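Each chain, letter by letter, is given below.
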Amino acid sequence: MNNNVAIFGLSWGDEGKGKFVDYFAQRADIVVRYNGGNNAGHTINADGIKYKFKIMPSGAALEKECIIANGCVVDPKVLLEEIDDLKKLNKKINLKLSSTAHVIFPFHRTLDALEEVMKGKYSAGTTKRGIGPTYSDKASRWGLRIFDLINPEIMRPKLDKLLSIKKKLIKVYDPDWNDNLESIFEEYKSYGELLKPYVIDTAYYLNKLNDSGKKIVFEAAQDNLLGLDHGFYPFGTSSNSNALGISAGTGIPPTKINKIFGIIKAYTSRVGEGKFPTELVDDTAERIREQGHEYGTVTGRPRRVGWLDLFNIKYGIMINGVDKIILTLLDALEGIDPIKICTGYELNGRILESWPIQHEIIEKCIPIYKSFQGWKARTRAEWLEIAQKGYDALPETMKTYIQSIKEELGMDIAFLSIGPDRLETIVLDNDIF
Ligand code: GDP
Ligand code: IMO
Ligand code: MG
C-alpha cells in the first residue's frame with residue numbers, strides 16, 4: 001500500500017510548495033524533504049502565523065513527523081536555529097535526520113561565493129549557502145555525512161583532510177583566507193551532539209512507514225527548471241529538485257511513489273541568473289512583483305517576473321510523470337490586463353516541437369503568446385470570501401484563464417490558490433491520498 005504523494009515545482013521556484021505541503025500535511029502523517037538545503041525558502045501562512053522554513057520540512061507547522069532524508073545537504077547551525085524557533089512557538093519537534101545526508105561547512109559557503117565570481121557570466125546567482133560545493137564534495141566522495149558529524153572521532157581525520165585541501169584551493173583566490181580546524185571541529189562537534197537524538201537511517205524507517213500505509217508527503221526544494229539533470233543548466237542548483245530526485249533522495253523505490261503533484265503559479269518568477277524567455281522588465285513586472293510579494297524568502301532579492309511559460313512546464317510534466325496540477329498566486333495578477341501565456345517557442349521562423357533545454361538555444365527563441373482578459377483588484381477579505389465560496393465565485397475571466405491552462409497542458413487542475421493563507425485555497429479535486 002502506497003499512501004504517499006509528492007509536491008514539486010514545475011518552474012523556477014517559489015510556486016507555493018510550502019503552502020501546499022502544509023495543506024496536504026493536514027491529512028498526512030509524515031513530511032519528507034529529499035533534496036537541497038537551506039537555499040530553499042518555503043512560506044506557510046496559517047492560524048495567524050507566518051513560517052519561513054529553510055531546511056525543516058513544511059510539516060513542522062502542524063507538528064507532523066518531519067524527515068530530512070539522505071538527498072539533502074544540511075547546515076547544522078541553520079537546522080538547530082529552525083528547531084529553536086519552533087520550540088519558541090511551543091511547537092513539538094518530531095524530526096528524523098538521515099545519517100547519510102551531507103554536511104555543509106563554512107568553507108563550502110566561502111567556495112560558493114568564490115566560484116560565483118570565477119564563473120562570471122555563467123554564474124547562477126546562487127544563494128551562497130554552500131549548496132553547490134557541498135554536493136560537489138559528495139560527488140567527489142570526500143564529503144562528510146551526518147554520521148561523521150555525530151561521531152567526532154570519525155569526523156576529525158576526515159575534516160582535517162578536507163580542510164587541508166580546501167585551504168589550498170581557497171588560498172589561490174584569497175591569500176588571506178584562514179579557517180581553523182580546531183574551531184570548526186569544536187563548533188561542529190557541538191552541533192553533532194545536539195543533532196544526534198534525531199539521527200537514524202531514514203531510508204529503512206521510511207520504507208517501513210510507507211509499507212504500513214502511513215500517509216507521506218514528499219516535499220521538493222527548488223524546482224524542475226533549477227534541477228541538475230533536467231533543468232536550465234548551468235543556471236540552476238546542484239540536486240535533482242524534481243520528482244525524479246525522490247527515490248535517490250529517500251530510498252523509496254520508484255515503483256512505490258504513488259501520486260505526483262506539479263505546482264505552478266499563474267505567472268513565472270526567477271531568482272538568480274540565466275535567460276528567462278518570458279521575463280517582463282516594465283511596469284507590469286513591477287506591479288506583479290509587488291502584488292505577489294516577489295522577494296526571495298532566503299536572500300530577500302527581488303525576484304524577476306514574467307508570463308507563465310507552459311512550453312517548459314509541459315516538458316517538466318512529461319519527464320516527471322505529473323498526475324495533477326496545483327495553480328497558485330492567481331490573485332497576484334489582479335488588475336493586470338491583458339495577461340499572457342507562452343504556449344511555444346519559435347526559432348529561426350520554425351515552431352519548436354519540444355522545449356530545447358540548452359540555454360544557448362533558448363536564448364535565441366522567441367516565445368509565442370496567447371492573451372487573456374484580466375480581472376479586477378480585490379481586498380484580502382474579498383479573496384478569502386471567494387475562496388470560501390469556491391470555484392463558482394471566481395471572476396469569469398479568471399475561470400477562462402484557468403480553463404485555458406488546463407486545456408493547453410491536457411492536465412487536470414486539482415487545487416487553486418488565491419492567497420497566501422491556508423484558507424485561501426479552492427479544492428477542485430480532493431483526492432490527495
Ligand atoms: P515555495 O518556495 O514554493 O515554498 O514558495 P515561497 O514560499 O518561497 O514563495 C511563495 C510566496 O507566495 C510565499 O510568500 C507564499 O506565502 C505566497 N503564496 C503562496 N500561494 C499564494 C497565493 O495563491 N497568493 C498569494 N498572493 N500569495 C501566495
Ligand atoms: P525554493 O525551494 C528560487 C536558485 C538561486 C540560483 C540557483 C543556484 O524556495 O523554491 P544555489 O544556492 O542552490 O546553488 O543557487 O538556484 N535557487 C532558488 N530560486 N527558489 C529556491 O528555492 C531556490 N534555491 C536556489 O537563486 O539561481
Ligand atoms: Mg521559496
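In what follows, the structure referred to is the one given above.
The sections below set out a description of the structure shown in this document. (Residues numbered from 1 in each chain as written. Chains lettered and ligands numbered in written order. Predicted model: local features only at pLDDT ≥ 70, side-chain atom pairs only at ≥ 80, totals over all residues. Heavy atoms only, no water.)

1. Structural notes on the coordination of the magnesium ion (ligand 3)
Within the first shell, the magnesium ion (ligand 3) binds the protein through Asp14 (OD) and Gly41 (O), at distances of 2.0 to 2.2 Å. Of the two residues, Asp14 sits in the loop between strand 1 (4–9) and helix 1 (17–25) while Gly41 sits in the loop between strand 2 (30–33) and strand 3 (42–46), which places them 27 residues apart along the sequence. Given the relative accessible area of 12%, Gly41 is considered buried. (Donors = N, O, S within 2.8 Å, 3.2 Å for Na, K, Ca; no water. Helix = DSSP H or I, 4+ residues; strand = E, 2+ residues; numbered from the N terminus. Buried < 20%, exposed > 50% of the residue type's maximum accessible area, 1.4 Å probe, protein only.)

2. Topic: empty space enclosed by the protein
A complete count under the given rule lists 1 cavity of 30 Å³ or more for this structure. Here the largest cavity defines a volume of roughly 50 Å³. Lining of the largest cavity is provided by Met56, Ala60, Glu63, Lys64, Cys66, Leu86, Lys92, Ile93, Asn94 and Leu95. Among the residues forming the lining of the largest cavity, the class breakdown is 6 nonpolar, 1 polar and 3 charged. (1 Å grid on protein atoms, 1.4 Å probe; cavity = no way out; pocket = protein on both sides within 12 Å on 5 of 7 lines; lining within 4 Å. Points joined across faces, edges and corners; volume = space filled by probe spheres on them. Nonpolar A, V, L, I, M, F, W, Y, C, P; charged D, E, K, R; others polar.)

3. As for a nonpolar patch on the surface
Side chains of Met118, Val172 and Tyr173 sit close together on the surface and give an oily, nonpolar patch of about 310 Å² of accessible area. Topologically, Tyr173 is positioned in helix 6 (residues 152–173). Classification of Tyr173 by relative accessible area gives partly exposed; the value is 43%. (Patch = residues over 30% accessible without salt bridge, like charges linked within 9 Å, V, L, I, M, F, W, Y side chains within 5 Å. Areas by Shrake-Rupley, 256 points an atom, 1.4 Å probe, with all protein chains shown as cover. Salt bridge = Lys/Arg side-chain N within 4 Å of Asp/Glu carboxyl O.)

4. Observations concerning helix 1
In terms of burial, helix 1 is largely enclosed, as 9 of its 9 residues are buried. Inspection of helix 1 places Lys17, Gly18, Lys19, Phe20, Val21, Asp22, Tyr23, Phe24 and Ala25 among the buried residues, and these make up the whole buried set.

5. Description of the site of ligand 1
Taken together, the neighbourhood of ligand 1 is formed by 18 residues, with Lys17, Gly41, Thr43, Asp331 and Ser417 sitting nearest. Contacts to ligand 1 include Gly16, whose backbone N or O atom sits 2.9 Å from an oxygen atom. Burial of ligand 1 by the protein amounts to 95% of the accessible area it has alone, namely 580 Å². The set of elements that each furnish at least two residues to the shell around ligand 1 consists of helix 1 and strand 3. Tallied by class, the residues present in the shell around ligand 1 amount to 3 nonpolar, 9 polar and 6 charged. (Near = heavy atom within 4 Å. Polar contact = N/O pair within 3.5 Å; in protein donor to acceptor, adjacent residues only side chain to side chain.)

6. A closer look at the site of ligand 2
By nearness alone, 22 residues border ligand 2, and Lys17, His42, Ala124, Thr127 and Thr237 come closest of all. A distance of 2.7 Å is found between an oxygen atom of ligand 2 and a side-chain nitrogen or oxygen belonging to Lys17. Between ligand 2 and the protein, one listed contact pairs an oxygen atom with a side-chain N or O atom of Arg301 at 3.1 Å. Contact with the protein chains hides 97% of the accessible area of ligand 2, taken as 550 Å² for the molecule alone. When residues in the shell around ligand 2 are grouped by element, the largest group, 3 residues, is from strand 10 (residues 216–223). Both domains that meet at the shell around ligand 2, namely domain 1 (4–75 + 204–427) and domain 2 (102–197), each give it at least three residues. (Domains from an automatic or database assignment.)

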